[in-house]
Amino acid sequence: MTGPLTPEDPTPESLYRPSADAEQAEDAVKQVIDWYNTRLTAARTSDQNPDQVAAWRTARDQAADDLDRLEDADEDETVQIALVYAARLKELTES
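Note on placement: threonine 78 falls in helix α4 (residues 75-94). For threonine 78, a relative accessible area of 6% translates into the label buried. There is a polar contact of 2.9 Å between the side chain of threonine 78 and the backbone oxygen of aspartate 74.

Below, the structure is given as structure tokens:
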């Protein structure tokens, strides 16, 4: 068993960094935007389904809007955006 906590011991509150959530969310959204941009760039020189290209463009634009939302997002919204885009990135890269 360990002894009592001292003032020098980290507390859960001191270990939590909201900026880390914001950085993770921003990184995930940017990676998703990059994925869509790569597909859209390739579609210019290929015979890609126009409906698919439009869907990629719409999704990319939504991601850009969500990236802007992160600037003013509270902690809960930031975490939600991070989760959504981490899942989307996984889905996109595994397909």
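On we go.
Before going further, it helps to examine the packing of aromatic side chains. Counted under the stated rule, the structure contains two aromatic pairs. Between tryptophan 35 and tyrosine 36 the ring centres are 5.2 Å apart and the planes differ by 90°, which places this aromatic pair in the edge-to-face class. Measuring from centroid to centroid gives 6.2 Å for tryptophan 35 and tryptophan 56, while their planes differ by 90°, and the two rings are edge-to-face. Placement of the pair is tryptophan 35 in helix α2 (residues 18-43) and tryptophan 56 in helix α3 (residues 50-69), with a sequence separation of 21 residues. The residues tryptophan 35 and tryptophan 56 share a single accessibility class, namely buried. In textbook terms, an aromatic cluster arises when at least three aromatic residues are bridged by ring pairs, as seen for Trp35, Tyr36 and Trp56.

Moving on, we come to the environment of isoleucine 81. With respect to the element layout, isoleucine 81 can be found in helix α4. Exposure remark for isoleucine 81: the relative accessible area of 4% places this residue in the buried category. Apart from residues no more than four positions distant in its own chain, isoleucine 81 is found in contact with Ala25, Val29, Asp66, Arg69 and Leu70.

Conventions we followed
Position numbers for residues start from 1 in each chain and track the written sequence from start to end. The predicted origin of the model limits local features to residues at a pLDDT of at least 70 and limits the giving and counting of side-chain atom pairs to 80 or more, whereas totals for whole chains, interfaces and linings rest on all residues. Calculation of side-chain values draws on the structure's entire complement of heavy atoms; hydrogens and water are dropped beforehand. Helical segments are the DSSP runs of H or I of at least four residues, strand segments are the runs of E of at least two, and each set is numbered from the N terminus. We call a residue buried when its accessible area falls under 20% of the maximum for its residue type, exposed when it is over 50%, and partly exposed in between, using a 1.4 Å probe and counting protein chains only. Whenever two N or O atoms come within 3.5 Å, that pair is a polar contact, provided that in protein one can donate a hydrogen and the other can accept it, and provided that, for residues adjacent in sequence, both atoms are side-chain atoms. In summary, the pairing rule links any two rings of Phe, Tyr or Trp, Trp by its six-membered ring, whose centres are within 6.5 Å, and it sorts them by plane angle into stacked for under 30 degrees, edge-to-face for over 60 and tilted for everything else. Any two residues whose heavy atoms approach within 4.5 Å at even a single point are treated as in contact.

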